Amino acid sequence: MAIDIVNPYDIAVAQFDEAADRLGLSQAMRAILRKPKRELIVNFPVRMDNGDVEMYTGYRVQHNINRGPAKGGIRFSPEVSLDEVRALAMWMTWKCAVVGIPFGGAKGGVICDPHKLSRTELERLTRRYATEISVLMGPDSDIPAPDMNTNPQIMAWMMDTFSMHMGYSVPAVITGKPLAIGGSEGRLEATARGVQFVTREAMHDLGLRPEDCSVVVQGFGNVGSISARLLHEMGCRVVAVSDIQGGVYNPHGIDIHKALRHSKEHGSLRGLPDTEAITNAELLELPCDALVPAALENQLTAKNAPRVKARLIVEAANGPTTPDADHILNDRGIMVVPDILANAGGVTVSYFEWVQDLQRFFWAELEINNRLEQIMMRAYRATCAKAEEQETNLRIGAYLLAVTRVAEATEIRGVYP
Ligand code: NAD
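What counts, and at which threshold
- Residues numbered from 1 in each chain as written.
- Predicted model: local features only at pLDDT ≥ 70, side-chain atom pairs only at ≥ 80, totals over all residues.
- Heavy atoms only, no water.
- Helix = DSSP H or I, 4+ residues; strand = E, 2+ residues; numbered from the N terminus.
- Rg over C-alpha atoms; globule rule 2.2 N^0.38 Å.
- Buried < 20%, exposed > 50% of the residue type's maximum accessible area, 1.4 Å probe, protein only.
- Contact = heavy atoms within 4.5 Å.
- Areas by Shrake-Rupley, 256 points an atom, 1.4 Å probe, with all protein chains shown as cover.
- Lys, Arg positive; Asp, Glu negative; His and termini not counted.
- Charge placed at Lys NZ, Arg CZ, Asp CG, Glu CD.
- Salt bridge = Lys/Arg side-chain N within 4 Å of Asp/Glu carboxyl O.
- Expected span 1.5 Å × (residues − 1).
- Near = heavy atom within 4 Å.
- Polar contact = N/O pair within 3.5 Å; in protein donor to acceptor, adjacent residues only side chain to side chain.
- Nonpolar A, V, L, I, M, F, W, Y, C, P; charged D, E, K, R; others polar.
- Pairing = 2+ DSSP bridges.
- Axes fitted to C-alpha atoms, helices over the stretch in contact; angles between N-to-C directions.
- Core = buried A, V, L, I, M, F, W, Y, C linked by side-chain atoms within 4.5 Å.

Draft legend 1. Representation of the overall build of the protein chain within the structure. Of regular secondary structure, the protein chain possesses 14 helices and twelve strands. Taken over the C-alpha trace, the protein chain has a radius of gyration of 20 Å; the compact-globule value for 417 residues is 22 Å, and the two agree within 12%. Principal-axis analysis of the C-alpha atoms gives the protein chain an extent of 55 × 55 × 45 Å. The proportion of buried residues among the 417 residues of the protein chain is 60%. Look at the contacts in the protein chain between residues 6 or more apart in sequence, and 69% of them connect residues 24 or more apart. By element, 52% of the accessible surface of the protein chain is carried by carbon and sulfur atoms, the whole surface being about 17,200 Å². Taken as two groups, the 43 positive and 51 negative side-chain charges of the protein chain have centres that lie 3 Å from each other.

Draft legend 2. Quick peek at the pattern of salt bridges. Tallied over the entire structure, the rule returns 29 salt bridges. Across the pair D212 and R209 runs a salt bridge whose closest N-O atoms are separated by 2.9 Å. In the salt-bridge network here, residues are joined through shared partners; they are R75, E84, K107, D147 and E297.

Draft legend 3. Highlighting helix α14 (residues 394–413). The end-to-end C-alpha separation of α14 is 29 Å, in line with the 28 Å expected for 20 residues at 1.5 Å each. For α14, a buried count of 14 out of 20 residues is recorded, marking the element as mostly surrounded by other parts of the structure. One or two positions beyond α14, positive phi appears at G414, with a value near 85 degrees.

Draft legend 4. Layout of the site of the ligand. The environment of the ligand is formed by 22 residues, the closest being D147, N149, T191, N222 and N318. D147 has a polar side-chain atom sitting 2.6 Å from an oxygen atom of the ligand. A distance of 3.2 Å is found between an oxygen atom of the ligand and a backbone nitrogen or oxygen belonging to A295. Protein contact buries 86% of the 830 Å² of open area that the ligand shows by itself. Of all the secondary-structure elements, those providing two or more residues to the shell around the ligand are α6 (187–205) and α7 (222–233). Looking at side-chain class alone, the shell around the ligand contains nine nonpolar, nine polar and four charged residues.

Draft legend 5. Broad picture of the sheet that holds strand β2 (residues 53–64). One open sheet holds the five strands; their spatial order is β1-β2-β4-β3-β5, and the pairing between them is mixed. The open sheet terminates on both sides in strands that have one partner only, identified here as β1 (38–47) and β5 (142–146). Direction aside, neighbouring strands of the sheet carry axes that sit 25 degrees apart on average. With five bridges joining them, strand β3 (residues 70–77) and β5 adopt parallel strand pairing. Looking at β5, one finds that A70 is bridged to D142.

Draft legend 6. Region of interest: the nonpolar core. L33, W91, W94, M203, V241 and V337 are the most contacted members of the largest nonpolar core, which has 84 residues in total. Once residues lying within four places of it in the same chain are set aside, the contact partners of V337 are V198, A202, L312, I313, V314, E315, A342 and L394. Counting 25 residues, the second largest nonpolar core, distinct from the first, contains M48, I133, W157 and M159.

Draft legend 7. Broad picture of unusual backbone geometry. The amide bond that connects Y416 to the next residue, P417, takes the cis arrangement and shows omega of 5 degrees. The residue P417 is located in the segment after α14 in this model. Of note, N298 is a non-glycine position whose phi angle comes to about 55 degrees, a positive value. Secondary-structure assignment places N298 in the loop between β10 (290–293) and β11 (312–314). Within the chain, E391 stands out as a residue other than glycine whose phi angle is a positive 50 degrees.

Draft legend 8. Structural context of helix α5 (residues 152–166). Helix length check: α5 (15 residues) gives 21 Å between terminal C-alpha atoms against 21 Å at 1.5 Å per residue, within 8%. Taken together, the buried positions of α5 are I154, M155, A156, W157, M158, M159, T161, F162 and S163. The elements touched by buried residues of α5 are β3, α4 (119–133) and β5. You can read the cap of α5 off the contacts: a side-chain oxygen lies 3.1 Å from the backbone nitrogen of Q153, and it is on N151. Directly beyond the C-terminal end of α5, a positive phi value near 95 degrees is found at G167.

Draft legend 9. Broad picture of the pairing of β1. Examined bridge by bridge, β1 and β2 share ten bridges and lie antiparallel to one another. Along β2, the bridge assignment pairs R47 with V53.

Draft legend 10. Region of the structure containing the sheet that holds β11. Spatial strand order, β9-β8-β7-β6-β10-β11-β12: seven strands in an open sheet with mixed pairing. On the outer flanks of this sheet lie β9 (276–278) and β12 (335–337), each paired with one strand and no other. For this sheet the average axis-to-axis angle between neighbouring strands, irrespective of direction, equals 20 degrees. Relative to β12, β11 runs parallel, the two being bridged by three bridges. Bridge pairing in β12 places L312 opposite M335.

Draft legend 11. The environment of A325, seen in detail. Looking at the secondary structure, you find A325 in helix α10 (residues 323–331). For A325, a relative accessible area of 0% puts it in the buried group. Sequence separation of A325 and N304 is 21 residues, and the distance between their C-alpha atoms is 7.9 Å. In contact with A325, other than residues within four places in its own chain, are D4, L300, T301, A302 and A305.

Structure follows, in structure tokens:
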């Protein structure tokens, strides 16, 4: 068996190459789309609470901006690397194209462990990073958003920092902000709501009823915890959830509201009453109808894919499945709703937030959720139709749609000068 690729950028390029082959893209177009357009590396000092100064490294990568301004989240994690940010930027390009919103792809990150920083240290790190990447940021050029370990407060500090430099408030420079400063209704739940919509449709297509389905969710942050809640509200039995410290399991179903309270009070799911402790590795192989990886990359690999028991996998996280695992799951007839479609609800409502900020005209939550549902359903149906037409799986179907749209925009704009 070939060695499982685990470098996220190599995975992103391999996925693109497969779509490019099927589409018969020209060598020139392939070369343009394989590489990020811009990569910024910043090394910057941050004063710690004890007076020491520590150096941090951060990145901002723009993959392709032919369909609109660069858009993509900011990740704070010790695991951040330039290749990870490149991969995430490329996936953002395809994601925006799959759902048909006028953005290009970008991503940013800082190598740090935010759990080891005080609030004031986190604020200084955020403001200095925002200053360093402000050469790229702007409401018409590059609009960041939250990702792993970043949240509305961090978006608020970034928006404030950028606005201080400009001398006036620029809410449209960042999305995922608190409502008080131009955030959008529904943004906090948006990624998970999108996950809920595509899970509902995929269950329907598999002939399953949500109320008969058991669900396992990996990751209990913004995307995982809200997905678990919304799937529970849709009637599914959520049998296991996890965070970085491990998982909890109850085959009869977990009370998600209790899990949310427990996680908030104790900082983790460990010790949740009426559950059995399991590892993240065990969680992925539990018997269930639907598995929702909502944590990070490379969770489903050639090693564990043969033992996955779910009938449906909905990739709420970015890049949770390696290409080898993908082939195994495909051969086993397990339906995978790919990340660039499944988690596109977040960037879709980020788009609504940006539009609202630019127009200074805000919409009601119902309107936002309805528009999100329309966009997610349209993208899901178009992906299924493409996959059926090309006799392939949903990942390739989504890539064929996305790469065609980005290649068309790139072709029409032409090569400058
Ligand atoms: P988050 O920081 O809010 O939550 C991450 C969760 O994953 C936490 O519960 C954490 O404990 C857990 N986790 C971290 N490392 C883990 C490990 N090694 N094993 C198991 N669990 C681990 O982040 P988030 O915003 O919910 O993002 C989760 C995923 O969803 C990421 O892949 C992100 O790129 C993707 N995503 C997020 C958004 C968004 O709007 N926030 C949008 C699209 C995609």
